[in-house]
Amino acid sequence: MSDKPIMQNDDSSDILRQISGQLRLALANIYNSLDRLAPPDRRDREPETDLNAARLVQSCLRIMRIADNLEDAASLGQPHLAQLRNGDIVQFCQDLVETARVPAELLGLELAFRCEQQTCVIAMDRGRLERLLLNLLSNAFKFTPRGGRVLVEVRVEKQQVILLVADTGCGISEEIAGTLFERYLQPRRMEPPPHGLGLGLRICREVAEEHGGQILPLTNEDGGTTMVVSLPRRRTEHSRISDMVVLPKGNFNRTLVELSDALPKEAFTQKYMD
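Residues numbered from 1 in each chain as written. Predicted model: local features only at pLDDT ≥ 70, side-chain atom pairs only at ≥ 80, totals over all residues. Heavy atoms only, no water.

### Describing the side chain of D167
Right, on to step 1. Here D167 shows up in strand β5 (residues 160-167).
Right, on to step 2. Among buried Asp, Glu, Lys and Arg side chains, D167 stands out as unpaired, with R149 the closest opposite charge at 11 Å.
Right, on to step 3. Of note is the side chain of D167, whose polar atom sits 2.9 Å from the backbone nitrogen of G169.
Right, on to step 4. Those residues within four positions of D167 in sequence are excluded, and the remaining contacts are A140, T144, R149, V150, N220, D222, G224 and T225. (Helix = DSSP H or I, 4+ residues; strand = E, 2+ residues; numbered from the N terminus. Buried < 20%, exposed > 50% of the residue type's maximum accessible area, 1.4 Å probe, protein only. Lys, Arg positive; Asp, Glu negative; His and termini not counted. Salt bridge = Lys/Arg side-chain N within 4 Å of Asp/Glu carboxyl O. Polar contact = N/O pair within 3.5 Å; in protein donor to acceptor, adjacent residues only side chain to side chain. Contact = heavy atoms within 4.5 Å.)

Here's what the structure looks like:
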């Protein structure tokens with residue numbers, strides 16, 4: 001399959017961005033209305049209302065994830081300037097794992113973090129790396145059955161930092177492995193329902209490359225999969241100011257957005273939203 005970007009026409013890319021923006025505005029209105037119709041105190045008192053609201057919240061976040069992917073699709077294959085700032089990659093990964101621990105427990109999975117070093121500062125775009133890691137966690141959660149284990153590990157080497165997301169799931173077949181980062185429109189070959197747009201791993205690859213790194217899959221001896229992301233161990237002399245987050249995109253919990261396809265509806269009840 002060709003490795004060309006989906007959208008090569010500037011008009012088409014603009015249309016995708018406009019659709020993404022309009023989806024976000026509509027979702028913000030739905031989400032705010034839901035909060036007024038089913039406020040937290042009512043959801044605490046009425047289990048049925050809470051569960052119905054949870055279904056709506058999950059649907060909103062799934063559509064938000066699609067909106068994000070549409071925006072990314074508009075720029076796939078085009079140069080993207082990472083907003084690099086010096087930060088502690090070890091603490092960053094550990095904090096992100098903590099935000100995903102309860103969702104993992106709801107799926108009956110053990111989520112662990114491991115790193116032999118306490119700290120390591122590198123140049124990174126926090127927003128883009130968050131997107132990468134949550135995409136990898138979402139895939140690991142989808143393909144790992146209850147009772148399984150997902151491990152996020154950071155290995156600090158002399159010239160690079162290695163991020164690993166390993167699971168005990170079903171693994172990747174040889175048929176899929178060769179086109180793993182290129183199957184934009186064929187997610188059904190791989191993903192359980194609900195199907196995404198097939199953009200997640202391609203986005204992960206672009207994020208890694210924006211940082212001067214790369215990503216590749218490995219098959220574990222136990223049949224699971226390990227996604228390996230290598231990033232250069234370097235700092236930036238001049239941190240750039242990050243792009244402003246345009247509301248309402250910034251109103252949504254990014255962990256729940258990225259994991260929305262992998263989680264049960266119970267994850268969006270008031271108990272866990274708090």
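### Side note on the sheet that holds strand β4 (residues 149-156)
Right, on to step 1. Pairing is mixed in the open sheet, where 5 strands are placed in the order β2-β4-β5-β7-β6. Each edge of the open sheet is held by one strand with a lone partner, namely β2 (110-115) and β6 (214-219). Within the sheet, the average angular offset between the axes of one strand and its neighbour, ignoring direction, is 15°.
Right, on to step 2. Examined bridge by bridge, β4 and β5 share 7 bridges and lie antiparallel to one another. Opposite L151, over in β5, you have A166 as the bridge partner.
Right, on to step 3. In this fold helix α6 (residues 126-143) packs onto β2, β4, β5, β6 and β7 (225-232), with an angle of close to 25° to the strand it touches most, β5.
Right, on to step 4. Sitting on the sheet, helix α8 (residues 200-210) touches β6 and β7, and the angle it makes with β6 is about 130°. (Pairing = 2+ DSSP bridges. Axes fitted to C-alpha atoms, helices over the stretch in contact; angles between N-to-C directions.)

### Thoughts on the pattern of salt bridges
Opposite charge on two side chains permits them to pair, given that their charged atoms come into close proximity.
Right, on to step 1. Within this structure, the stated rule accounts for 19 salt bridges.
Right, on to step 2. D68 serves as the salt-bridge partner of R254, at 2.3 Å between the closest nitrogen and oxygen. Of this pair, R254 sits in helix α9 (residues 254-259) while D68 sits in helix α3 (residues 47-75), placing them 186 residues apart in sequence.
Right, on to step 3. Judged by relative accessible area, D68 falls into the buried class, the value being 2%.

### Some remarks on the packing of helix α4 (residues 89-99) against α6
Right, on to step 1. Taken N-terminus to C-terminus, the directions of α4 and α6 make an angle of 45°; their axes are 11 Å apart at the nearest point. Taken together, the axes of α4 and α6 are oblique relative to one another. Considering only the axes of α4 and α6, their crossing is right-handed. Contacts from I89, F92, C93 and L96 in α4 reach R126, L129, E130, L133, L134 and L137 in α6. (Parallel < 35°, antiparallel > 145°, perpendicular 65-115°, else oblique. Left-handed = near helix turned anticlockwise from the far one by under 90°.)

### Quick look at the nonpolar core
Right, on to step 1. Ranked by size, the top nonpolar core spans 61 residues in total, and within it I89, L136, L137, F141 and L163 carry the most contacts.
Right, on to step 2. The dominant element in this core, judged by the number of residues it contributes, is α3, at 9 residues.
Right, on to step 3. In this structure L163 touches I89, C93, L133, E153, V154, M227, V228, V229 and L231, once residues within four positions along its chain are discounted. (Core = buried A, V, L, I, M, F, W, Y, C linked by side-chain atoms within 4.5 Å.)

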